[in-house]
Amino acid sequence: MDLGIRGKLALVTASSGGMGRNIAHALAAEGANVVLFARTAEKLEATAAEIAQRHGVQATAVTGSMLDTADVERLAAQLQSQGGADILVLVTGRPPNPLRETLEETEEARWNEAYQTQLLSAINVVNGVIPAMVEKGWGRIVAITSASAKQPMATHALSTVFRAGVTAYMKGLANEVAAKGVTVNCVAPALIDTSHRTGASAYTVEQAEHRRKLSPSGRMGTQEEFCGVVAFLASRQAGFVTGSTVAVDGGMVASLF
Ligand SMILES: NC(=O)c1ccc[n+]([C@@H]2O[C@H](COP(=O)([O-])OP(=O)(O)OC[C@H]3O[C@@H](n4cnc5c(N)ncnc54)[C@H](OP(=O)(O)O)[C@@H]3O)[C@@H](O)[C@H]2O)c1
């Protein structure tokens with residue numbers, strides 16, 4: 001299926017590595033030009049070069065933090081100089097490490113950090129990018145949240161609370177911009193393989209083993225399986241899907257809807 005996004009301009013945040021980088025590849029493979037945004041210039045520029053070379057699209061690296069409003073303004077200006085973003089995929093950095101039980105989450109600094117990295121960062125970027133989409137009368141916003149926003153997982157309170165906040169924010173936004181041709185959805189992953197990560201894992205060996213057993217599929221999901229869903233929500237065909245959260249969790253969340 002041709003997703004109808006050839007030549008569209010897609011911003012993917014937190015895209016110097018991990019899911020963000022893979023999502024940028026998936027959109028570029030569909031012919032979208034991409035703008036990448038993260039803090040580490042060297043990694044980001046290498047990713048942009050790799051995407052441009054592999055997919056033959058324009059890939060632009062903008063170095064900065066989603067938490068810094070001056071950086072986000074610079075990002076918005078770059079997008080504007082390219083005609084404004086058509087697609088925004090909001091990936092955020094990880095919540096504070098190490099993971100703890102809810103009763104052990106007593107440090108205000110960790111709550112503040114989680115609020116900033118998981119919720120405020122996403123709102124900052126939306127504020128910078130959405131006016132151009134509304135003006136064009138076409139846009140796709142996809143926020144990456146977490147299955148824990150629907151079915152809280154042990155040791156994930158910092159993520160759950162603010163990703164539930166992202167979900168609520170996106171729902172309100174979806175209602176406000178639906179008549180302007182802009183769709184706003186969330187993708188809620190769980191158990192997606194992140195063996196690409198080279199730093200210290202957030203999970204102990206026992207926690208990682210426990211995670212694998214959480215889904216009826218009995219396995220982790222691949223990055224390709226995850227990115228395909230994100231790309232679909234960014235597509236022309238997904239134009240009547242808005243205000244939704246799509247789970248990509250191998251069936252882990254046990255509810256009917
Ligand atoms: N795997 C799953 O099943 C699952 C489930 C639920 C949620 N998630 C969430 O999915 C997200 C991505 O996971 P991942 O494994 O791909 O993470 P990752 O490999 O650690 O990559 C995180 C990316 O975020 C960037 N970043 C961090 N802080 C940033 C900031 N302030 N501004 C801009 N960019 C920033 C990092 O680049 P720089 O350091 O260069 O800035 C990096 O490119 C995380 O939030 C994770 O919690 C994953």
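From a predicted model like this one, the values you see are computed outputs, not experimental measurements. (Residues numbered from 1 in each chain as written. Predicted model: local features only at pLDDT ≥ 70, side-chain atom pairs only at ≥ 80, totals over all residues. Heavy atoms only, no water.)

Draft legend 1. Molecular detail of the pairing of strand β5 (residues 139-144). Taking burial as the measure, the 6 residues of β5 include 6 buried ones, the bulk of the element. Residues of β5 alternate between two faces, with Gly139, Ile141 and Ala143 on one and Arg140, Val142 and Ile144 on the opposite face, all of them buried. Direction of pairing for strand β4 (residues 87-90) relative to β5: parallel, over a ladder of 4 bridges. For Leu88, the partnering residue across the bridge sits in β5 and is Ile141. Tracing the backbone out of β4, into helix α4 (residues 108-136) and back to the parallel element β5 gives a crossover that is right-handed. Pairing between β5 and strand β6 (residues 182-189): 6 bridges, direction parallel. Following the sheet pairing, Ala143 is matched in β6 by Cys186. (Buried < 20%, exposed > 50% of the residue type's maximum accessible area, 1.4 Å probe, protein only. Helix = DSSP H or I, 4+ residues; strand = E, 2+ residues; numbered from the N terminus. Pairing = 2+ DSSP bridges. Right-handed = clockwise from strand over helix to strand, strands pointing away.)

Draft legend 2. Geometry of unusual backbone geometry. In this structure, Pro98 follows Asn97 across a cis peptide bond, with omega equal to -5 degrees. If you trace the backbone, Pro98 turns up in the loop between β4 and α4. For Ala14, which is not glycine, the phi dihedral falls at a positive 50 degrees. With respect to the helices, strands and loops of the structure, Ala14 is situated in the loop between β1 (9-13) and α1 (18-29). Residue Ala14 is classed as partly exposed on the basis of its relative accessible area, which comes to 22%. For Leu191, which is not glycine, the phi dihedral falls at a positive 60 degrees.

Draft legend 3. Focus on the site of the ligand. Residues in contact with the ligand amount to 27 residues; listed here are only the nearest, Met19, Arg39, Thr40, Arg94 and Arg163. For the ligand, an oxygen atom lies 2.7 Å from a polar atom in the side chain of Ser16. The separation between a nitrogen atom of the ligand and a polar main-chain atom of Met66 is 3.0 Å. Bound to the protein, the ligand loses 89% of the 920 Å² it would expose on its own. Among the residues forming the shell around the ligand, the class breakdown is 10 nonpolar, 12 polar and 5 charged. (Near = heavy atom within 4 Å. Polar contact = N/O pair within 3.5 Å; in protein donor to acceptor, adjacent residues only side chain to side chain. Areas by Shrake-Rupley, 256 points an atom, 1.4 Å probe, with all protein chains shown as cover. Nonpolar A, V, L, I, M, F, W, Y, C, P; charged D, E, K, R; others polar.)

Draft legend 4. Structural detail: helix α2 (residues 41-55). The terminal C-alpha atoms of α2, which comprises 15 residues, lie 21 Å apart, in line with the 21 Å expected from a rise of 1.5 Å per residue. Among the residues of α2, Leu44, Thr47, Ala48 and Ile51 are the ones counted as buried. Buried residues of α2, seen end-on, are gathered within an arc of 100 degrees and therefore sit on one face of the element. Turned more than 90 degrees away from the buried face of α2, the exposed residues are Glu42, Gln53 and Arg54. (Expected span 1.5 Å × (residues − 1). Arc of directions from axis to C-beta.)

Draft legend 5. Main features of helix α3 (residues 69-81). In this model, α3 (13 residues) spans 18 Å end to end at C-alpha, consistent with the 18 Å of a helix rising 1.5 Å per residue. Within the sequence span of α3, burial applies to Asp71, Val72, Leu75, Ala76 and Leu79. Across the axial projection of α3, the buried residues extend over an arc of 140 degrees, all falling on one side. Exposed side of α3, more than 90 degrees from the buried face: Glu73 and Ser81 are the residues found there. Against the buried residues of α3 lie β1, β2 (33-38), β3 (59-63) and α4. For α3, the N-terminal capping position is held by Asp68, with its side-chain oxygen 2.9 Å away from the main-chain nitrogen of Ala70. (Contact = heavy atoms within 4.5 Å.)

Draft legend 6. The sheet that holds β3, seen in detail. Strand order in this open sheet of 7 strands is β3-β2-β1-β4-β5-β6-β7, and the pairing throughout is parallel. Each edge of the open sheet carries a strand with a single partner, namely β3 and β7 (245-248). Looking at each pair of strands side by side, their axes are set apart by 20 degrees on average, direction ignored. Sheet topology note: the β6/β7 ladder contains 4 bridges and is parallel. Counterpart to Cys186 in the pairing with β7 is Thr245. Packing of α2 onto the sheet brings it into contact with β2 and β3, and relative to β3 it is tilted by some 170 degrees. Each of β4, β5, β6 and β7 is contacted by helix α5 (residues 157-177), which is oriented at about 160 degrees to β6, the strand it contacts most. (Axes fitted to C-alpha atoms, helices over the stretch in contact; angles between N-to-C directions.)

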